[in-house]
Amino acid sequence: MSSVGIVLDERFKRHVTGHGHPERPDRLDAIREGLEAVGLLQTCVLVEPVPLSEVKIQRVHSRDYLVRLEAACRQGYPYIDVPDSAIGPESYEIARLAAGGVVKATRLVASGELKRAFCAVRPPGHHAERDRSMGFCLFNNVALAAYELKDEFNIDRVLILDWDVHHCNGTQHTFEADPSVLVISLHGHPRYLYPGTGYEEEMGVERGRGYTMNIPFLPGADDEDYRRAFRERIIPAVQRFAPQFVLLSVGFDAHADDPLGNLALSDDIFAWMTQTMIELAEDHADGRIVSVLEGGYNLGVLKRCVAEHVRLLAQ
Ligand SMILES: [Zn+2]
């Protein structure tokens, strides 16, 4: 059993965001090209996404938000809540499909049918809050996957590690009072970068205090800064928590060549972080990892770094 699943579906391109929007359908073409070029699309298991039920989406989001989003799409609004959160007529259904793809991959890994999975979904999810969209995110895909593990597989300790350059405000808020989900985020410092949250002092609330870890980086931070954060803080924290399952929110917008990020990472660190998380997952979680695409807006970076990320997951 070492099969690795990929969620990558042409229908995700039907979430249209309009001319000039960085979170655009051709991001998925770049990822497909990268995976094809190294033979991974041929050797991995293609997981066909199915829309997530509205009942399950309401584990994370309010019914009022679902109703508003569906109506906004049906009525042809160009965005919901804020102009960043662009929508098209099919976006509600495609967001359900993205969340459903991530949850299905998570179920397959949790049940042992797959060893690991990578989900190249859009729209992304980590900024989406209970009652509203934010950033380019509609439903919080990775948070929904964590709920699936908690509610259907009785998994008590889920790690969500988010290395997108932007702080995962939605994921943090979903689990900030929940000690069964450790949320660790590396991101550009909130003084300089969207969404303006993710200060180190944000450590969780109530019973969840200590189960949120934010590691912000000043503009220009590089691979060595990230390696040091892993060695000194992240690896010890993950070992203490001993997760039974690892969920990754992977953005590739902390790369030096990304048009939205302000950090200076190279291709190498994404491979190094992948390998590090594989080793941690092997130690604690039977190797189980589901990796979920968030941001990353340079097509060349996406093509190269996603292919290497998946190649390592599939080894
Ligand atoms: Zn991002």
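This text goes with the structure placed above it.
Throughout, a residue's number is its position along its own chain's written sequence, starting from 1. The predicted nature of this model means local features are confined to residues of pLDDT at least 70 and side-chain atom pairs, given and counted, to a pLDDT of 80 or more, with totals for whole chains, interfaces and linings taken over all residues. Only heavy atoms go into the side-chain values, all of them from the structure, while hydrogens and water stay out.

### Structural notes on the coordination of the zinc ion
Moving on, step 1. For the zinc ion, the protein coordination sphere consists of Asp164 (OD), Asp164 (OD), His166 (ND1) and Asp253 (OD), at 1.9 to 2.7 Å.
Moving on, step 2. Coordination geometry of the zinc ion: the four donor atoms subtend angles of 54 to 156° at the metal centre, consistent with an arrangement described as irregular.
Moving on, step 3. Water is not part of the atom set, so a site may look incomplete; the donors themselves are N, O and S atoms within 2.8 Å of the metal, or 3.2 Å for Na, K and Ca. Counting the intervening residues between successive donors of the zinc ion yields the motif D-x1-H-x86-D. The two residues aspartate 164 and histidine 166 agree in class, both being buried. Under the classification used here, a metal with four donors is tetrahedral if each angle lies between 85 and 135 degrees, square planar if opposite donors are over 155 degrees apart and the others between 65 and 115, a six-donor metal meeting that same test is octahedral, and anything else is irregular. Whether a residue is buried, partly exposed or exposed follows from its accessible area with a 1.4 Å probe, protein chains only, as a fraction of its type maximum: under 20%, in between, or over 50%, in that order.

### What about the layout of surface pockets?
Moving on, step 1. The calculated volume of the largest pocket comes to roughly 240 Å³.
Moving on, step 2. With a 1 Å grid laid over protein atoms only, a set of points is called a cavity when a 1.4 Å probe fits there but cannot get out and a pocket when it is open yet has protein on both sides within 12 Å along at least five of seven lines; lining residues have an atom within 4 Å of a point. Along the wall of the largest pocket there are 13 residues; nearest its centre are Leu182, Gly210, Met213, Ala237 and Arg240.
Moving on, step 3. Strands here mean DSSP runs of E at least two residues long; helices mean DSSP runs of H or I at least four residues long; both are numbered from the N terminus. For the lining of the largest pocket, the secondary-structure elements that each account for two or more residues are strand S6 (212–217) and helix H8 (223–241).
Moving on, step 4. In terms of residues, the lining of the largest pocket owes the most to one element, H8, which gives four residues.
Moving on, step 5. In terms of residue class, the lining of the largest pocket is made up of six nonpolar, three polar and four charged.
Moving on, step 6. Here the second largest pocket is characterised by a volume of approximately 170 Å³.
Moving on, step 7. His127, Phe136, His166, Tyr194 and Tyr297 are the residues nearest the centre of the second largest pocket, which is lined by 15 residues in total.
Moving on, step 8. When residue character is reported, Ala, Val, Leu, Ile, Met, Phe, Trp, Tyr, Cys and Pro are called nonpolar, Asp, Glu, Lys and Arg charged, and the others, Gly included, polar. Partitioning the lining of the second largest pocket into residue classes produces six nonpolar, five polar and four charged. Grid points are joined across faces, edges and corners, and a volume is the space filled by probe spheres set on the points.

### A word on the sheet that holds strand S5 (residues 181–188)
Moving on, step 1. If DSSP finds at least two bridges between two strands, the strands pair. Taken in spatial order, the eight strands of this open sheet run S2-S1-S3-S8-S7-S4-S5-S6, and their pairing is parallel. Looking at strand neighbours, the two that pair on one side only are strand S2 (45–46) and S6, the edges of this open sheet.
Moving on, step 2. Taken together, the four bridges between strand S3 (residues 116–119) and strand S8 (residues 289–293) define a ladder with parallel strand orientation. Of the residues in S8, the one forming a bridge with alanine 117 is valine 290.

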